[in-house]
Amino acid sequence: MPLSRREIRSRATRFARQWASAHNEDADAKPFWYEFFAVFGIRARTVGSYEVHVKKLNKADGYIDYFWPGTLLIEHKSKGRDLDRAFTQANDYLHGIKEHEKPRYLLVSDFARFVLRDLESGTVTELTLDELPQRTEVFDFIAGYEARPVREQDPVNIRAAELMGRLHDELKATGYEGRTLEVYLVRLLFILFADDTGIFERDAFYNFVVDQTREDGTDLGPQLARLFQLLNTPEDRRPKTLDERLTDFKYINGRLFEEHIPLAEWDGAMRVTLLECASLDWATISPAIFGALFQSAMDAKLRRNLGAHYTSEQNILKLIKPLFLDDLWAEFERVKSSRDKLRRFHDKLANLRFLDPACGCGNFLVITYRELRELEIAVLRALLKGQQVVDVDKLVLLNVDRFYGIEIEEFPAQIAQVALWLVDHQMNMRISAAFGEYMVRIPLRKSATIVCANALRTDWQGLLSPQSSLRSAGAAEQLGPAHPESHQGHDAGIGETPGLRSQSLPAPGVTIRYDYILGNPPFSGKKEQSAEQKAAAAPVFMLLGGTASLDFVAAWFVKATEYVKAHGDATRCAFVATNSITQGEQVGELWGWMLSSGMHIDFAHQTFRWSNEARGVAAVHCVIIGFSKYPASRRRLFTYKDVNASPEEVACTNISPYLVEGADVIVKRRTTPLCSVPGIQKGSEATDFGHLILSPEEKAALVNAEPNARRWLRRIIGGEELINGTQRWCLWLVGATPQELKGMPLVLERVERVRRDRLASGKARTREWASRPYLFSEDRQPVRSYLAIPKVSSERRPIMPIDYVKAEVIASGSVLTVQGGSLYHFGVMTSSMHMAWMRAVCGRMKSDYQYSASIVYNNFPWPEAPTALPRQAGAQKQAVEQAAQGVLDARAQFPTASLADLYDPLTMPPNLVKAHQALDKAVDKCYRAQPFQSDAKRVEWLFELYEKYSAGLLAASAKAPAGRRKKAAAKR
């Protein structure tokens, strides 16, 4: 009888480790092949011979390195040599071999690589020494197993997800749908993975489908049901008459196959699809991608953009490395020379607990677990120091039972549970390769705790208590096989239940808590939240005073803060979030409460573009924020030159809620400016339903038909017109008499439509405005020239376009106006100083800047130079005015260019760039003599100044009359 495939893999694991450094053909080739054959239970000298003499085609003498008549010819080379030439040499030997002894296979190797050619089929298979333990089936003919065609070795990727999606659709078309279909597909996913990774004997499932089901697929449903039942039955409870071919399927446990589900109907085409899935190599599955890809494959709408919204591994590492992983590796480096300290560190790793309260398909938990297992391998290497390993599984302490997740949808929750088992098995294979001892955890004795529940309505601490199931959230009843706490499993260990009850209980008086809470909660903005989301978030936001203006993700920050306050002072948290919670009004609402609750920001990634590794990239701009009650020993701020750049780390003494270095200062809404500058207000609102606003063509037609209307037509600018130079006109009928209006029938038609549409509005305020339909609903038009600022501008522009506008041009509600703004005000507002402040504190509309009067302008700390430096004040102000005029002059050289053209980073004229550089220098000197090296330093300075102004330390003097300022300066 041939060796079992499991024994072959165990031997291959040891063999690969032992021969990893071999390189010399003369010294090592014979012992290498002797032990290679021993992997498969064969003594090399009993089936073949070394150095067999043959006559080559050119009559020259040749010597085959190893020859097994009728089966195999081996040619061996030193490491790194050309294996193509080795094949040529092996082919030459064939001419000197008797016909009845000619081998079926040619095998060449250089220790590190194997290339096998099947002379009958013509197929060529390549693998490395490292891959040998997972691909021993390539050499089934040596072990005595029937040779099968070698299956495709492409990694599981989008193709696999598409095939599973097709299988989903085919099953659904038979009426097999809903939760039952989801459980069915999760089971198949696990089986496909097990078929390629040593959980089952290699190709056991593939062979099962080929050999034991009919081609028309009519018996495939019952056969799969039989297989599910078998996988849920321990070996000692199985029928004594069980078909020998089914012994390859090990007992799985984990309750994955426990629930009884109805039979599925299959046909021949569906069977082909299943075999296509099974023909892929699932051993190379990526834990960072497969869960979300698999989920997307189940949704026909998402399948067109497969994988566009899953969290990439790169982004996960951006969170977990500064949250805990970097510190753990640093601690390992400190303790690795001390055996006792290293053992304690190993115990610490094994007892860390992680919660992802919005876990989806489990990507954060999967990558976290994988990285911790990699660290454990380093720990074991340091502990063992090269000594022989026996029973490596007893040395491995980390397991998935310290991982917890909450997911509102059932199917992703099931995927997350299975994903953690799969990555656990992957890491067991890594352990096997590292220490030369085969390790597999089957049957499954421990599980992650993944509950299907609404995280905002769930007691997070309840997941940690063996006595506290989440039946109030419906989790135990809903989740079925993916939820580990509803009842005892078959083989759960000594009195253990998989999942919650597999946790080791703490000593009396010791509180169990999460060490880390992390994840990527939903990103819905305050206006995009569904009714269900608003209802779930409302009780959480009541802790902040019931605010309704926060993004949905903020609720997780609040829940985590409450958890830390109640249960885990030492718990550290980190979430990916929309960048809007660090901008505008949301900062005051969320972070004011969090700071008062004792939270500190330990690390942060400033705004960057969300990306992933699959087709389609979700265009999301986000931040990552790590926070805790006890400040970290070092604060780490990751900055980005632009949203697509790589992060650069900056060490900080403190990170503010705006994710810049500085004090925990929060900019709150103000109705008047902090400093003595002209006021700012929103432009006029028409509420005209389009009837008072005209395009250039409509304006020309109206004037042509009704010349009297020309007097009442005015240019109107909003953000679009200001930035892009487009033109619109409006009927500005302020001061028009009844007789004048009646003399313009076409104008009156438009006025009548305004009245009608205002009366039809559902808003009482709008209906009131119907009493004066010829006027804008809100008239805030400046009476003097004004500075116009667009409320929204692209993040691409280095400067937000601001311009001088004459009073006769009407400002619409999409611009802000500063009446009477001087060259000095224009200069400061178009400088990098003001732009840096705006970027730090403004809100965003998607990724665009959203300028705010109450947050940005009214809180901007203008230079205190007129007070602090009285002798130079005039000179500094004059320098700013001259530089501001230089900017206007540079713009004027391009009269046909729009502000969008002038401030596009790709087309900005060089002389305008130089003009702004001169302006920046002049404005910077108003704040301090030394130049600022970056916008980050500008923001840091401005926040310090803001803190002083808002505390009243400088505000009084800044607003004092000139005579009082001089006296105050003289006293200083």
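Residues numbered from 1 in each chain as written. Predicted model: local features only at pLDDT ≥ 70, side-chain atom pairs only at ≥ 80, totals over all residues. Heavy atoms only, no water.

## Considerations on unusual backbone geometry
Stated precisely, the cut-off is as follows: Put simply, DSSP H or I for four residues or longer makes a helix, DSSP E for two residues or longer makes a strand, and each gets a number counted from the N terminus.
The amide bond that connects Ile442 to the next residue, Pro443, takes the cis arrangement and shows omega of 5 degrees. For Pro443, the location among the structural elements is in the loop between α16 (410-435) and β9 (449-452). In the Ramachandran plot, Glu51 falls in the positive-phi region, its phi being about 50 degrees despite a non-glycine side chain. Counting through the fold element by element, Glu51 comes out in strand β1 (residues 49-55).

## Topic: the sheet that holds strand β16 (residues 681-682)
Defined as follows: Here, strands pair whenever DSSP counts at least two bridges between them.
One open sheet accounts for four strands, arranged β16-β24-β20-β22; its pairing is antiparallel. The two strands at the open ends of the sheet, each matched to only one other strand, are β16 and β22 (803-805). Taken together, the two bridges between β16 and strand β24 (residues 815-819) define a ladder with antiparallel strand orientation. Bridge pairing links Lys682 to Leu816 in β24.

## Observations regarding the nonpolar core
Spelled out, the test is: The set of buried Ala, Val, Leu, Ile, Met, Phe, Trp, Tyr and Cys residues whose side-chain atoms join them within 4.5 Å is what this entry labels a nonpolar core. With a 1.4 Å probe rolled over the protein chains alone, any residue whose accessible area is under 20% of its type maximum counts as buried; one over 50% counts as exposed, and the rest are partly exposed. Note on definitions: a residue-residue contact is assigned when non-hydrogen atoms from the two residues lie within 4.5 Å.
Membership of the largest hydrophobic core comes to 117 residues, with the highest contact counts inside it found for Trp460, Phe557, Leu590, Tyr851 and Phe943. No other element matches helix α19 (residues 554-566), which puts eight residues into this core. Those residues in contact with Phe557 that sit more than four places away from it in its chain are Phe575, Ala577, Ile581, Leu590, Trp591, Met594, Ile625 and Phe627. Counting residues in hydrophobic clusters, the runner-up holds 103 residues, among them Val186, Leu231, Leu274 and Leu372.

## Quick word on helix α2 (residues 25-39)
As a reminder, the rule being used: The length a helix should cover is 1.5 Å for every residue beyond the first. Pairs of N or O atoms within 3.5 Å make up the polar contacts considered here, provided that, within protein, one atom can donate a hydrogen while the other can accept it, and that residues adjacent in sequence are counted only when both atoms are side-chain atoms.
Compared with the 21 Å implied by 1.5 Å per residue over 15 residues, the 20 Å span of α2 between its first and last C-alpha is a close match. Two or three places before Asp26, at the start of α2, stands the capping residue Asn24, its side-chain oxygen 3.0 Å from that residue's backbone nitrogen. Looking one or two places after α2, you find Gly41, whose phi comes out positive at around 75 degrees.

## Quick word on the packing of aromatic side chains
Definition in use: Planes of paired rings set the category: under 30 degrees apart is stacked, over 60 is edge-to-face and the rest tilted, where pairs are Phe, Tyr or Trp rings (Trp by its six-membered ring) whose centres lie within 6.5 Å. Charges are assigned to positions over rings by a cutoff of 6 Å between ring centre and Lys NZ or Arg CZ, combined with an angular limit of 35 degrees from the ring normal.
The final tally for this structure, using the stated rule, is 53 aromatic pairs. Consider the rings of Phe32 and Phe114, whose centres lie 6.1 Å apart with planes at 20 degrees: the pair is stacked. Residue Phe32 is located in helix α2, and its partner Phe114 is located in strand β5 (residues 113-118); the two are separated by 82 residues in the primary sequence. When the ring of Tyr105 is compared with that of Phe141, the centres are 3.8 Å apart and the planes differ by 15 degrees; the resulting orientation is stacked. Residue Tyr105 is located in strand β4 (residues 105-109), and its partner Phe141 is located in helix α5 (residues 140-143); the two are separated by 36 residues in the primary sequence. Taking the relative accessible area as the measure of exposure, Tyr105 reaches 6% and is therefore buried. Judged by relative accessible area, Phe141 falls into the buried class, the value being 14%. The side chain of Lys699 reaches across the aromatic face of Trp729, ending 4.2 Å from its centre.

## A closer look at the pairing of strand β10 (residues 516-519)
Burial along β10 is two-sided: Tyr516 and Leu518 facing one way and Ile517 and Gly519 facing the other are all buried. Here two bridges tie strand β7 (residues 354-356) to β10, and the two strands are oriented parallel to one another. By the bridge assignment, Phe354 is partnered in β10 with Tyr516. As defined by bridge partners, β10 adjoins strand β11 (residues 572-578) across four bridges and the pair is classed as parallel. Bridge pairing in β11 places Gly519 opposite Phe575.

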